[in-house]
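Structural description and commentary
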Amino acid sequence: MLEINNLNVSVDDNKILNNLSLSIKTGEVHAIMGPNGSGKSTIAHTLAGNPNYQVESGSISFNGKDLLDMEPTERSLDGLFLAFQYPIEIPGVTNASYLRQIMNSHRKHQGKDPIEAGAFLKLLKEKSTYLKIPFEMHSRFVNTGFSGGEKKKNEVLQMDLLDPKLIIMDETDSGLDVDALKVTADAVNQMKSQNRSLIIVTHYLRLLEYIKPDFVHIFQNGQIIESGDSSLATRIDKEGYE
Amino acid sequence: MNKDQCSITFNGTTSIIENSSTFISISGVEEFIETKILNIEVDESKTTQRVNLILDNCTDEPINFEINLKINENAKLEFLDESIYSNDSNIKLNTTLHKNSYFELYKLNIYKNKNINLFYHNCSLLENSSFKDYSFSNGSKENLNKTIINLNDINSKYLGSGVSINNSTNSNNEVQIRHNTKSASSDCYFKTVAKGSSKVNFDGIIFVDNHCSKTVSNQVSKGLLIGSESKINLVPKLEIYNDDVECSHGAASGQPDKNTLFYLTSRGISKEDAEQIYVEGFLSEFFATIDNDLMTEKAKKFINLNT
């Protein structure tokens, strides 16, 4: 599904990723761990097409397409989803209206009619109940005044509504209490399938205890310095990165 | 039409008055063609009286007129102007709010970008009267909006919210709030979006005279620049001659936040739609200050159609 080859990425002329290569097959769950500043969020945002991250060289292929030739909109419509570490607040736009708009963008791309208001509300109620999101949150402005947990759950809700092929979770576990972490992890586990791949960027073992990865990669200085199975995350949790 | 409503339709140089409210009296109709002046007086009633102003532009004549509006003691008025200005215009509104009166003005106006449109409002507020002033407009070739508020008696209140959406137009906006008495309050919000090669100016003047203690006055102006050639100039001017006051002002302008646009596009929304959502969000913050559901809907529709 995803092939990253010799990728070099800079932010404000500071080189962050150094000749990074990574291959992810359909249905696999990969965890990326590493100390602060090792390039974990950089790979997440580069995959989503954040213009603040400049690709100097290398290639990324996503389901046979050159990802670097695609705009963020196109990447999303083709099935790539980034759950933000710091979801953006959008004052003046209600969450319900925003969620319906993103759903309809995808439906339009798939040649479907916009979702009707009644059907959307029913779906939103169903998903919100499952994620233990208070329904009144949807009448508030997007992520504005949301708690840390509500913001992260809202990311998972969007992920669920858009039904992506590749999910990238950038430190989704940060800011979540134990109960919220479990609810979020359960929702992500429900979404795991043979047709969908996951990249979980995290500092800690705790999320990986709920969502078991097939592979764990340790980042340092913008490179993968070690890869292994889920036992690698347990070892890092005990011994640290040094 | 509701029995409490009054409708004034201007067609070029003529006016059509439909008035079924016994609490609203209008004079100067017969002489209007010559004088271009109408006098409207609103009396106390249990319900809020409504005046609808409609410009029916089926001629090429510029529209120039003046309305003198007197809102008597304990009277309540809602004034709605949803006119589409197809031609040049020069409109003056002179308003007096008497003791304990209440006035809501909603202007949702659409201008053409070839025209010159002037709107001038001079409003005086007496004891314990309250005025809520909501203005939504797109720009025209030359667009001048000037509002002068005189808070002349204690406990008079003014809340003004202005939204100006401009597409390659020149828009000049001035709000003068003159605190001529103690214990009066004012809040003024102005938001503008400048597209294309628009130039938008906002002068927000707060004047507090030396005997006007216990004044409360706040002013916020914000501008959003869309397009590399657009310019916004927000100028807060405070003249305060009394120390026992609470006054604040803030002004900020800039381009849409790139991180927000990326967030939206990363969800599959096109760049153009992301910008549209951003602009609507920027302008929609005012809705919380409108406690009239119908007008909130009208304002939302206006922003949606004009951004």
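Use the structure listed above.
The notes below deal with the structure included here. On a predicted model such as this, the values are computed, not experimentally measured, just so you know.

This part is about the overall build of chain A. What chain A contains, in helices and strands, is 8 helices and 12 strands. Rg of the C-alpha trace for chain A: 18 Å, near the compact-globule value of 18 Å for 242 residues, within the 12% margin. In terms of overall dimensions, chain A has a C-alpha envelope of 50 × 40 × 35 Å along the principal axes. In chain A, which comprises 242 residues, the share counted as buried stands at 41%. Across chain A, every contact between residues at least 6 apart in sequence was considered, and the portion connecting residues at least 24 apart equals 70%.

Once that is clear, we can look at the overall build of chain B. Each helix and strand counted, chain B has 4 helices and 20 strands in total. Relative to its length of 307 residues, chain B is compact, with a C-alpha radius of gyration of 20 Å against a globular reference of 19 Å. On the principal axes, the C-alpha backbone points of chain B span a range of 60 × 55 × 30 Å. Taken over 307 residues, chain B has a buried fraction of 44%.

All names here are of chain B. For the pair helix α2 (residues 258–265) and helix α3 (residues 271–284), the least separation of the axes is 9 Å and the interaxial angle reads 125°. Comparing their axes, α3 and α2 come out oblique. With respect to the hand of their crossing, α2 and α3 are arranged in right-handed fashion. Facing T260, L261, L264 and T265 of α2, the residues of α3 in contact are K271, A274, E275, I277 and Y278. For the contact of α2 with α3, the per-class residue count stands at 5 nonpolar, 2 polar and 2 charged.

Here the focus is helix α4 (residues 117–130) of chain A. The end-to-end C-alpha distance of α4(A) is 20 Å, a good match for the 20 Å that 14 residues give at a rise of 1.5 Å each. At the C-terminal side of α4(A), A:K132 shows a positive phi close to 55°.

On to the sheet that holds strand β11 (residues 215–220) of chain A, then. Residue and element names in this part refer to chain A. Strand order in the open sheet formed by 6 strands is β6-β9-β10-β3-β11-β12, with mixed pairing between adjacent strands. Looking at the sheet topology across the chains shown, the edges are occupied by β6 (80–83) and β12 (223–228). Going from strand to strand, the sheet's axes swing by 20° on average, the running direction of each strand aside. Across the sheet, helix α8 (residues 231–239) lies against β3 (29–33), β11 and β12, angled at about 45° from β11, the strand it touches most.

Turning to the nonpolar core, a few remarks are in order. Among the nonpolar cores identified, the biggest contains 128 residues, and A:L47, A:F81, A:A83, A:I168 and A:I200 are the most heavily contacted of them. Setting aside residues no more than four positions away along its own chain, A:L47 makes contact with A:I60, A:L67, A:L80, A:L82 and A:I168.

As a further point, take the interface of chain B and chain A. Taken together, the contact pairs 19 residues of chain B with 22 residues of chain A. Every element with two or more residues in the side of chain B that touches chain A is listed here: α2 and α3 of chain B. Here the side of chain B that touches chain A takes 7 residues from α3(B), the largest share from any one element. Of the residues contributing to the side of chain B that touches chain A, the split by class is 6 nonpolar, 8 polar and 5 charged.

Extensive coverage of α2(B) is indicated by the burial of 6 of its 8 residues. Looking only at α2(B), the buried set comprises B:T260, B:L261, B:F262, B:Y263, B:L264 and B:T265. Against the buried residues of α2(B) lie α2 (72–77) and β7 (90–94) of chain A together with α3 of chain B.

Residue and element names in this part refer to chain A. Within strand β9 (residues 166–170), 5 of the 5 residues are buried, leaving the element largely enclosed by the surrounding structure. Here β9 shows two buried faces, one formed by L166, I168 and D170 and the other by I167 and M169. Of the strand pairs in this sheet, β6 and β9 are connected by 4 bridges, and their pairing is parallel. In the strand pairing of β9, L82 is matched with I168. Bridging between β9 and strand β10 (residues 197–201) involves 5 bridges; their strand directions are parallel. Note that in β10 the partner of D170 across the bridge is V201. Of the crossover connections in this fold, the one passing from β9 over helix α6 (residues 178–191) to the parallel β10 is right-handed.

Okay, the packing of helix α5 (residues 148–162) of chain A against α6(A) next. Axis angle and axis distance: for two packed helices, these are the angle between their axes and the distance between the axes, and together they describe the pair. All names here are of chain A. Running from N to C, α5 and α6 point in directions that differ by 10°, and their axes come no closer than 11 Å. Regarding the angle of α5 to α6, the classification is roughly parallel. Here α5 contributes G149, K152, K153, V156 and D160 to the contact with α6, which in turn contributes A180, T184, A187, V188 and M191. Across the contact of α5 with α6, the residue classes tally to 5 nonpolar, 2 polar and 3 charged.

All names here are of chain B. Strand order across the open sheet formed by 9 strands is β3-β4-β6-β9-β11-β13-β15-β17-β19, with mixed pairing between neighbours. Two strands close off the open sheet at either side, each with one partner strand: β3 (24–27) and β19 (231–240). Strand after strand, the sheet turns through a mean of 10° between neighbouring axes, direction not considered.

Below, the discussion takes up the pairing of strand β13 (residues 142–151) of chain B. All names here are of chain B. Summarising the sheet, strand β11 (residues 116–125) and β13 pair through 10 bridges and their orientation is parallel. Opposite C123, over in β13, you have I149 as the bridge partner. With 10 bridges connecting them, β13 and strand β15 (residues 170–179) associate as parallel partners. Bridged to T147 within β15 is V175.

Our focus in this paragraph is the environment of B:L238. Residue and element names in this part refer to chain B. The residue L238 is located in strand β19 in this model. Taking the C-beta count within 10 Å as the criterion, L238 has 15 such neighbours and is therefore assigned partly exposed. Between the alpha carbons of L238 and V208 there is a distance of 8.2 Å; along the sequence they are 30 residues apart. Non-local contacts of L238, meaning those with residues more than four positions away in its chain, are made with I206, C247 and H249.

Rules and cut-offs
- Residues numbered from 1 in each chain as written.
- Chains lettered and ligands numbered in written order.
- Predicted model: local features only at pLDDT ≥ 70, side-chain atom pairs only at ≥ 80, totals over all residues.
- Helix = DSSP H or I, 4+ residues; strand = E, 2+ residues; numbered from the N terminus.
- Rg over C-alpha atoms; globule rule 2.2 N^0.38 Å.
- Buried ≥ 20, exposed ≤ 12 C-beta atoms within 10 Å, placed from the backbone.
- Contact = placed C-beta atoms within 7 Å.
- Axes fitted to C-alpha atoms, helices over the stretch in contact; angles between N-to-C directions.
- Parallel < 35°, antiparallel > 145°, perpendicular 65-115°, else oblique.
- Left-handed = near helix turned anticlockwise from the far one by under 90°.
- Nonpolar A, V, L, I, M, F, W, Y, C, P; charged D, E, K, R; others polar.
- Expected span 1.5 Å × (residues − 1).
- Pairing = 2+ DSSP bridges.
- Core = buried A, V, L, I, M, F, W, Y, C linked by C-beta atoms within 7 Å.
- Right-handed = clockwise from strand over helix to strand, strands pointing away.

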